[in-house]
Amino acid sequence: MLIRILILLVIGYLIWRWFRAREQSTKPPEIRPATQLVQCNHCHTLIPESESTKVGQRVYCSEEHAKHHQDVS
Ligand SMILES: [Zn+2]
């Protein structure tokens, strides 16, 4: 009788472990901000890095601002 209870407990424990493992594996991956915000060197507007225009080490929000800065300097 005691062995039966022990077997049931072990089976129950294994099922619980299996459910927990499934729960963890089906969890969606953490959503991290894929885009990093950068500041325009001309108007200081924050824009996603993917949408920025880079001129050397400087970052601009648009081609226009990049050109403007080049014309000034
Ligand atoms: Zn700008």
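Above: the structure in question.
Procedures and definitions
Residues numbered from 1 in each chain as written. Predicted model: local features only at pLDDT ≥ 70, side-chain atom pairs only at ≥ 80, totals over all residues. Heavy atoms only, no water. Helix = DSSP H or I, 4+ residues; strand = E, 2+ residues; numbered from the N terminus. Rg over C-alpha atoms; globule rule 2.2 N^0.38 Å. Buried < 20%, exposed > 50% of the residue type's maximum accessible area, 1.4 Å probe, protein only. Lys, Arg positive; Asp, Glu negative; His and termini not counted. Charge placed at Lys NZ, Arg CZ, Asp CG, Glu CD. Donors = N, O, S within 2.8 Å, 3.2 Å for Na, K, Ca; no water. Tetrahedral: all angles 85-135°; square planar, octahedral: opposite > 155°, others 65-115°. Patch = residues over 30% accessible without salt bridge, like charges linked within 9 Å, V, L, I, M, F, W, Y side chains within 5 Å. Areas by Shrake-Rupley, 256 points an atom, 1.4 Å probe, with all protein chains shown as cover. Salt bridge = Lys/Arg side-chain N within 4 Å of Asp/Glu carboxyl O.

A. Geometry of the overall build of the protein chain. In terms of helices and strands, the protein chain carries two helices and four strands. The order of α-helices and β-strands along the protein chain, N terminus first, is α-β-β-β-β-α. In summary, the protein chain has a C-alpha radius of gyration of 28 Å against a globular reference of 11 Å for 73 residues, an excess of more than 25%. Expressed as lengths along the three principal axes of its C-alpha atoms, the size of the protein chain is roughly 90 × 15 × 15 Å. With 73 residues in all, the protein chain has 14% of them scored as buried. One finds the centroid of the 9 positive side-chain charges in the protein chain at a distance of 21 Å from the centroid of its 7 negative side-chain charges.

B. Quick peek at the coordination of the zinc ion. Bound to the zinc ion are the protein donor atoms Cys40 (SG), Cys43 (SG), Cys61 (SG) and His65 (ND1), situated 1.9 to 2.3 Å from the metal. Geometry at the zinc ion is tetrahedral, judged from the four donor atoms that bind it and their angles of 96 to 123° at the metal. When the donor residues of the zinc ion are listed from N- to C-terminus, their spacing reads C-x2-C-x17-C-x3-H. A residue is classified by how much of its surface remains accessible, and cysteine 61, at 23% relative accessible area, is partly exposed.

C. Broad picture of the environment of proline 29. Tracing the backbone through its elements, the reader meets proline 29 in the loop between α1 (2-26) and β1 (37-39). Remark: the alpha-carbon pair of proline 29 and cysteine 40, spanning 11 residues in sequence, is separated by 31 Å.

D. Fine view of a nonpolar patch on the surface. Taken together, the side chains of Ile3, Ile7, Ile11, Ile15, Trp18 and Phe19 define a hydrophobic patch exposed on the protein surface, amounting to about 630 Å² of accessible area. Note on placement: tryptophan 18 falls in helix α1.

E. Structural detail: the pattern of salt bridges. A full pass over the atoms with the stated rule returns one salt bridge. Notably, a salt bridge pairs lysine 54 with glutamate 49, separated by 3.3 Å at the nearest N-O pair. Exposure remark for lysine 54: the relative accessible area of 51% places this residue in the exposed category. Glutamate 49 sits in the partly exposed class, given a relative accessible area of 31%.

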